[in-house]
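Structure at a glance
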Amino acid sequence: MTQSLVISIDAMGGDHGPSVAVAAVARALTLVPAHVRFLLHGDQAAMAAELSKHKAAVERCELRHAERVIGMDEKPAQALRRGKGTSMWNAVEAIRNGEAAAALSAGNTGALMAISKLILRMSADLDRPALVASLPHSSGVTTFLDVGANVDCDAERLVEFAIMGEAFHRAAHGTPRPTVGLLNVGHEDMKGHQEVREAHRVLREGHLDLEYRGFVEGDDLTRGKVDVIVTDGFTGNVALKAMEGVARFITTELRTALTSNLGGTLGAVIARPALRKFRDRLSPPPAAPLLGLNGIVLKCHGGATDRDFAQALRVAADLARSGFAAEIERNMRKLPAALAEVIPTPLDGAA
């Protein structure tokens, strides 16, 4: 008999709370294996009321009451001081207690990162977990990190992102040997600032078990040139927000053009299935895993629909069933030697 795999859920997080979280569980029943179960944290009465609308999900769910909720506008320091006993805290703590294999929240991003780091600790010497986004291209998705958690990154940090992103892409998207690129302002070795050039040398010459393809540029983000693209959190966040803004602009302009006259409106009605598919391809990724923790935590965007949340639950289940954490650990053990071989210490350089 297959042992149950439990996903812990902050049912109160995000803009919609239990109505979306519970509906997402019901939708996810067809997306995850039958041995996956769900542990929901939040207001007992509210969760039970929503669960009564989805009878098929009742046997796969356990509800845990939480007295308090972390607000979307709370600062991480405040969340740490008053977080214990909240739905978010309890959802993450279930991993540490061995009750769950992964946790998911649509709540406050800064609070989730701070609480996850406090409860689970970091598996590598990171300042904060790395946030990952999955960017669509014509034949699949590109894993892109960091998209906002670590603003200042040295060469070692960028190489760590490459190791984590490669293992994540294999686990989440099934690519046996993901290719990796480093975001830069050009493809030539002399381009970019010192940290990027040093990371490039380590990835190219450090004998890490990675399929590194060198520098990529901004227009490669959605071309599918490599499976994993690595950058610092400042650049990654700006790039992601710019792409989301362009997507909104294109969608708005297309809607305006199609509704400007009767012929366009009739054409839009006929093309509705294709337009819906187009909209979905341009939508933000449903969840961003926090990589680098001693546990699997995913952040779903605050306005997530039950469809988005269900897709995030599928990703959580895929990651929990994979061995990506062990893969990250294996390459992390090789990193100190790779750094020492490729980047001399100041003393070595002086000699």
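Residues numbered from 1 in each chain as written. Predicted model: local features only at pLDDT ≥ 70, side-chain atom pairs only at ≥ 80, totals over all residues. Heavy atoms only, no water.

This part takes up the nonpolar core. Core analysis: the biggest nonpolar cluster contains 73 residues, and Phe38, Leu40, Phe309 and Leu313 have the highest contact counts within it. No other element matches the eleven residues that helix 6 (residues 155-173) contributes to this core. Residues in contact with Leu40, not counting those within four places in the same chain, are Ile9, Ala11, Val22, Val25, Met47, Cys61, Glu62, Leu63 and Arg64. Formed by 35 residues, the second largest nonpolar core is a distinct cluster that contains Ala94, Leu183, Val216 and Leu221. (Core = buried A, V, L, I, M, F, W, Y, C linked by side-chain atoms within 4.5 Å. Buried < 20%, exposed > 50% of the residue type's maximum accessible area, 1.4 Å probe, protein only. Helix = DSSP H or I, 4+ residues; strand = E, 2+ residues; numbered from the N terminus. Contact = heavy atoms within 4.5 Å.)

Taking burial as the measure, the five residues of strand 11 (residues 296-300) include five buried ones, the bulk of the element. Every second residue of strand 11 is oriented toward a common face, with Ile296, Leu298 and Cys300 on one face and Val297 and Lys299 on the other, all of them buried. In this structure, strand 4 (residues 102-105) lies alongside strand 11, joined through four bridges in parallel fashion. By the bridge assignment for strand 11, Ser105 is matched with Lys299. Two elements, strand 10 (residues 287-291) and strand 11, share three bridges in a ladder whose sense is antiparallel. When the sheet's bridge partners are listed, Pro289 is paired in strand 11 with Leu298. Linkage of strand 10 to strand 11, two consecutive antiparallel strands, is achieved through a turn of four residues, within which Gly292 is found at a positive phi near 110°. (Pairing = 2+ DSSP bridges.)

Checked against the element boundaries, Ser8 lands in strand 1 (residues 5-10). In contact with Ser8, not counting residues within four places along its chain, are Leu39, His41, Asn90, Ala91, Ala94, Ala100, Ala102, Ala103 and Leu104.

Here we take up the sheet that holds strand 8 (residues 211-216). By way of backbone hydrogen bonds, the strands of a sheet pair with one another, either parallel or antiparallel. The sheet built from eleven strands is open, its strands ordered 3-2-1-4-11-10-5-6-9-7-8 with mixed pairing. At either margin of the open sheet sits one strand with a lone partner, and together these are strand 3 (61-65) and strand 8. Neighbouring strand axes in the sheet, compared pairwise and without regard to direction, differ in orientation by 25° on average. With three bridges joining them, strand 7 (residues 179-183) and strand 9 (residues 228-230) adopt parallel strand pairing. In the sheet register, Val180 faces strand 9, and the bridge partner there is Val228. Across the sheet, helix 5 (residues 109-120) is in contact with strand 4, strand 5 (130-137), strand 10 and strand 11; its angle to strand 11 comes to roughly 175°. (Axes fitted to C-alpha atoms, helices over the stretch in contact; angles between N-to-C directions.)

What follows covers the confidence of the model for the chain. For the chain, mean pLDDT is 86; residues scoring 70 or higher make up 93% of the total. For the chain, the element scoring lowest by mean pLDDT is helix 13 (residues 346-350), at 45; helix 4 (residues 87-96) scores highest, at 97. Of the regions scoring below 50 in pLDDT, residues 346-351 engages in one contact with residues more than four places distant in sequence or in other chains. (pLDDT = per-residue confidence, 0-100.)

With respect to the element layout, Asp10 can be found in strand 1. For the buried residue Asp10, which engages in no salt bridge, the nearest side chain bearing the opposite charge is Lys299, 8.9 Å off. Among the polar contacts listed, one links the side chain of Asp10 to the backbone nitrogen of Met12, at a separation of 3.2 Å. A polar contact is formed between the side chain of Asp10 and the side chain of Ser87, at a distance of 2.6 Å. Setting aside residues up to four positions removed in sequence, Asp10 forms contacts with His41, Ser87, Met88, Ala91, Leu104 and Ser105. (Lys, Arg positive; Asp, Glu negative; His and termini not counted. Salt bridge = Lys/Arg side-chain N within 4 Å of Asp/Glu carboxyl O. Polar contact = N/O pair within 3.5 Å; in protein donor to acceptor, adjacent residues only side chain to side chain.)

The next subject is empty space enclosed by the protein. Empty space among the atoms can be located by rolling a probe the size of a water molecule over them. Scanning the model with the defined rule gives one cavity of 30 Å³ or more in all. Estimated volume of the largest cavity: approximately 50 Å³. When the residues that make up the lining of the largest cavity are grouped by side-chain class, the tally is five nonpolar, six polar and one charged. (1 Å grid on protein atoms, 1.4 Å probe; cavity = no way out; pocket = protein on both sides within 12 Å on 5 of 7 lines; lining within 4 Å. Points joined across faces, edges and corners; volume = space filled by probe spheres on them. Nonpolar A, V, L, I, M, F, W, Y, C, P; charged D, E, K, R; others polar.)

What follows deals with helix 4. Counting buried residues in helix 4 gives nine out of ten residues, a clear majority hidden from the surface. After helix 4 finishes, the residue Gly98 shows a positive phi value of roughly 80°.

This part is about unusual backbone geometry. Residue Asp146 is reached from Leu145 by a cis peptide bond, and omega for that bond is 0°. By the secondary structure assignment, Asp146 is in the loop between strand 6 (140-145) and helix 6. Despite not being glycine, Arg121 has its phi angle at roughly 65°, a positive value. Position of Arg121 relative to the elements: it lies in the loop between helix 5 and strand 5.

This brings us to the pattern of salt bridges. The full count for this structure, using the stated rule, is 17 salt bridges. A salt bridge links Asp306 to Arg27; the shortest N-O distance between them is 3.6 Å. Of the two residues, Asp306 is situated in helix 11 (residues 306-321) and Arg27 in helix 1 (residues 18-28); the sequence distance between them amounts to 279 residues. Judged by its relative accessible area of 24%, Asp306 falls in the partly exposed class.

Taking 1.5 Å of rise per residue, the twelve residues of helix 5 would be expected to cover 16 Å, and the 16 Å separating its terminal C-alpha atoms lies within 8% of that figure. Taking burial as the measure, the twelve residues of helix 5 include nine buried ones, the bulk of the element. Every buried residue of helix 5 is listed here: Gly110, Ala111, Leu112, Met113, Ala114, Ile115, Ser116, Ile119 and Leu120. Where helix 5 is buried, its residues contact helix 3 (76-82), helix 4, strand 4, strand 5, strand 10 and strand 11. One or two residues past the end of helix 5 sits Arg121, with phi positive at roughly 65°. (Expected span 1.5 Å × (residues − 1).)

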